[in-house]
2 protein chains.
Amino acid sequence: MSQDLPTTSYALLGLLTFGDDLTGYELKQRADRTLRFYWVSPAMSQVYTELERLTDHGLVSPREAGPNQKSSKYRITAKGRRELTRWLEEAPAGFPTLKHPVALRLLVGHLVDPSRTRALLRSHLDELAAHRADLEGVRESLVGRDAPGDAFRYPSLVADWGLEYLAGEQAIIEKLLQRLDEEG
Amino acid sequence: MSQDLPTTSYALLGLLTFGDDLTGYELKQRADRTLRFYWVSPAMSQVYTELERLTDHGLVSPREAGPNQKSSKYRITAKGRRELTRWLEEAPAGFPTLKHPVALRLLVGHLVDPSRTRALLRSHLDELAAHRADLEGVRESLVGRDAPGDAFRYPSLVADWGLEYLAGEQAIIEKLLQRLDEEG
DNA sequence: GCGTAGTGTTCCTGACTGGAACAATCACCC
DNA sequence: GGGTGATTGTTCCAGTCAGGAACACTACGC
């Protein structure tokens, strides 16, 4: 494997390193629960595309559906684990990319009435609070579990990171709102 | 215009509301300088695709290249301004999406040696500092300018937002590093 | 026995990235 | 004056990816 796969492949591969075999559907759920705070959760269709790709490369293998199961679960192979580790060690991380629709709208705030901009920021605050509640739930569910090799330590760290990030953004938006109120 | 264009269209359209006519190339530069901190900067090829689309919809119009100019500059039309305003008022903002390669790697940190993870975080700190210096430059260049209707007030606000965000992330990463050091 | 919510998968369209390729202009140095 | 390299400027292509529609099967309550 000399060439990197798309990052989404490694993200999904990573979700399979915590000891569970997952179907495409479960993988998507797992991504929505844990990954989406730091990496845009791939569309359902994309998950299946990736599983096919990963199977072709021998990085995961389907455990054929038994008589009781609806569909096949995927397990990461030894080669998959090696490739993921190689990627972690060799591929440079690059900088985060962000699509922030609220910031984008604020940037052209001069086109609309200031009251509208304030409403936008207030509704963003609400969404931040909801997001934070979600992530707190995730964090708690992680603390309870254990996995081979203390694997859940890092997801916990990342969840804490996310929570602090959200708290920070809340504080920033509140300050911005205050400035908008004061400056008229 | 009953249907929304892709968000990238509005982002580029927004860059044309600050009083300058820009070529595709200049538009890309502008996006790299100001937009990229909040909205992933579109590829060069995408900028030209968008300009074509916006022209087709009558939202921008090319000012034909005079004898001294290399290429045509684009100006936002009255219709373009109306459409951007309509979008601001009608289209819901949605939640930010993030691709954070450092968080993604930290999530599967159990696969590699902890020293490698620490090195990853430290190098991210360096990048954050560089990013912050860039953004400080942008912020200063905004303060000096003025535009019709106090248009640069909002980009200044957004730049402040970005700076606080970066400072916050720096603090979080430093705390994470400390925890990794303490816990072994 | 019937609706509806959840599980599970596939397909298609269009958005978007990244890189390669091309060409013209300008500055600089030898 | 001629090379060399950076900057401006644009186009094309392959492949990634998102979003939504469509489909089917199972479980549960009424």
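Relevant structure appears above.
Residues numbered from 1 in each chain as written. Chains lettered and ligands numbered in written order. Predicted model: local features only at pLDDT ≥ 70, side-chain atom pairs only at ≥ 80, totals over all residues. Heavy atoms only, no water.

**Some details on the protein's contact with DNA strand C**
In the region of DNA strand C, 17 residues are neighbours, and Ser45, Tyr48 and Ser71 of chain A together with Ser45 and Arg53 of chain B sit closest. Contacts to DNA strand C include threonine 8 of chain B, whose side-chain N or O atom sits 3.1 Å from a phosphate oxygen. Between arginine 53 of chain B and DNA strand C, the recorded distance is 3.0 Å, taken from a side-chain N or O atom to a phosphate oxygen. Elements represented by at least two residues in the surface near DNA strand C include exactly helix H2 (24-34) and helix H3 (44-56) of chain A together with helix H3 (44-56) of chain B. The element best represented in the surface near DNA strand C is H3 of chain B, accounting for four residues. Looking at the surface near DNA strand C residue by residue, the classes come out as six nonpolar, eight polar and three charged. (Near = heavy atom within 4 Å. Polar contact = N/O pair within 3.5 Å; in protein donor to acceptor, adjacent residues only side chain to side chain. Helix = DSSP H or I, 4+ residues; strand = E, 2+ residues; numbered from the N terminus. Nonpolar A, V, L, I, M, F, W, Y, C, P; charged D, E, K, R; others polar.)

**Some thoughts on helix H4 (residues 78-90) of chain A**
Count 3.6 residues to each turn of an α-helix, and residues three or four apart come out pointing the same way. Between its first and last C-alpha, H4 of chain A extends 18 Å over 13 residues, near the 18 Å set by a 1.5 Å rise per residue. Among the residues of H4 of chain A, Gly80, Glu83, Leu84, Thr85, Arg86, Trp87 and Leu88 of chain A are the ones counted as buried. Turning to H4 of chain A, the residues buried within the fold contact helix H1 (7-15) and strand S2 (73-76) of chain A together with helix H5 (101-107) of chain B. (Expected span 1.5 Å × (residues − 1). Buried < 20%, exposed > 50% of the residue type's maximum accessible area, 1.4 Å probe, protein only. Contact = heavy atoms within 4.5 Å.)

**What about the interface of chain A and chain B?**
Chain A puts 65 residues into the contact, and the matching count from chain B is 65 residues. Together, the buried faces of chain A and chain B total about 7000 Å²; carbon and sulfur atoms form 71% of this surface. For the chain A face of the interface with chain B, the top three residues by lost area are Phe95, Tyr154 and Trp161 of chain A, together amounting to 12%. Applying the counting rule to chain A against chain B returns six salt bridges. For the salt bridge of aspartate 160 of chain B with arginine 179 of chain A, the shortest nitrogen-to-oxygen distance reads 2.9 Å. The tally of links from chain A across to chain B stands at 18 residue pairs in polar contact (both at pLDDT 80 or more). Secondary structure elements with two or more residues in the side of chain A that touches chain B: H1, H4, strand S3 (97-99), helix H5 (101-107), helix H6 (114-144) and helix H7 (153-182) of chain A. Broken down by element, the side of chain A that touches chain B gets its largest block of residues, 16 residues, from H7 of chain A. Residue composition of the side of chain A that touches chain B, grouped by class: 39 nonpolar, 13 polar and 13 charged. By the bridge criterion, three bridges tie S3 of chain A to strand S3 (residues 97-99) of chain B in an arrangement that is antiparallel. Paired with threonine 97 of chain A across the two strands is lysine 99 of chain B, which belongs to S3 of chain B. (Buried area = accessible area lost by both parts, 1.4 Å probe. Salt bridge = Lys/Arg side-chain N within 4 Å of Asp/Glu carboxyl O. Pairing = 2+ DSSP bridges.)

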